[in-house]
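# Notes for the structure review
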Amino acid sequence: MLDKLSIRTLAPADFPELYRAFIAAFADYKTTMRLTADELRLRFKRISLDYRLSAGAFDGEQMVGFILTGKGGFNGIPTAYNGGTGILPAWRNIGLAKSIYSYLFRIYRKHGIGQCLLEVMTNNEPALQLYEGLGFQKERLLRCYAAKEPWKASRPLSKSVRV
């Protein structure tokens, strides 16, 4: 199945197909990921998405998997930050994410990237197995919080919080 796919870096012109693939890949995700196209563009801006360091897997013209990468620095080392890995349900469990990462690791080296960081939910066992199998190591545990309507908080928000 993998042999019929092509993997390549992405470009801004890929956004419509990337948006379609993002919505499809996260439709059954553990937390709600219903984003408009504009919200996804804002997410890309927040992670400093670099299309040249991001890749998609294609079955013909259809994107069936992707890894989105932001570029920055961490502890003084040029760093690739995984801002999202998505595989369409019909293409899961065949090693596609591993293949995309194998492709990207070569791209990262060409761009002088010294390390790659990512965040994964602790209850996402397939992702944990993938990343540990690729050599990623757990660095720290983050607690994530969300407020649906922070302006209705039961107590005043901290001065550092802006709504």
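That block above? That's the structure.
Since this is a predicted model, take the numbers as computed values, not measurements. (Residues numbered from 1 in each chain as written. Predicted model: local features only at pLDDT ≥ 70, side-chain atom pairs only at ≥ 80, totals over all residues. Heavy atoms only, no water.)

Counting secondary structure elements, the protein contains four helices and five strands. Ordering the α and β elements of the protein from the N terminus gives β-α-α-β-β-β-α-β-α. In the protein, buried positions account for 34% of the 163 residues. Long-range contacts, defined here as pairs at least 24 residues apart, represent 63% of the contacts in the protein between residues at least 6 apart. Total accessible area computed for the protein in this model is approximately 10,900 Å², and 51% of it derives from carbon and sulfur atoms. (Helix = DSSP H or I, 4+ residues; strand = E, 2+ residues; numbered from the N terminus. Buried < 20%, exposed > 50% of the residue type's maximum accessible area, 1.4 Å probe, protein only. Contact = heavy atoms within 4.5 Å. Areas by Shrake-Rupley, 256 points an atom, 1.4 Å probe, with all protein chains shown as cover.)

Here we come to the environment of Pro 16. Looking at where Pro 16 falls in the secondary structure, it is placed in helix α1 (residues 15-25). As for Pro 16 and Ala 37, which are separated by 21 residues in sequence, their C-alpha atoms are 8.4 Å apart.

The next thing to look at is the sheet that holds strand β3 (residues 62-74). Taken in spatial order, the five strands line up as β1-β2-β3-β4-β5 in an open sheet, and their pairing is mixed. Bordering the open sheet on either side are β1 (6-9) and β5 (115-117), each of which pairs with just one other strand. The average angle at which neighbouring strand axes cross in this sheet is 25°, direction not considered. (Pairing = 2+ DSSP bridges. Axes fitted to C-alpha atoms, helices over the stretch in contact; angles between N-to-C directions.)

Take the environment of Ile 107 next. Residue placement: Ile 107 occurs in helix α3 (residues 96-110). What makes Ile 107 buried here is its relative accessible area of 12%. Sequence-wise, Ile 107 and Arg 52 are 55 residues apart; in three dimensions their C-alpha atoms are separated by 8.3 Å. Discounting residues that sit within four places of it in the chain, Ile 107 has contacts with Thr 9, Arg 52 and Leu 53.

Overall, the coordinates contain six salt bridges when judged by the stated rule. A salt bridge links Lys 4 to Asp 59, with the shortest nitrogen-to-oxygen separation between them at 3.8 Å. In this pair, Lys 4 is assigned in the segment before β1 and Asp 59 in strand β2 (residues 55-59), connecting sequence segments 55 residues apart. In this structure Asp 59 comes out as partly exposed when scored by relative accessible area, which is 25%. Across the salt bridge formed by Asp 38 and Arg 41, the nearest N and O atoms sit 3.3 Å from each other. Taken together, the residues Asp 38 and Arg 41, both in helix α2 (residues 37-46) and three residues apart, mark about one turn of the helix. When its relative accessible area of 58% is taken as the criterion, Asp 38 is described as exposed. (Salt bridge = Lys/Arg side-chain N within 4 Å of Asp/Glu carboxyl O.)

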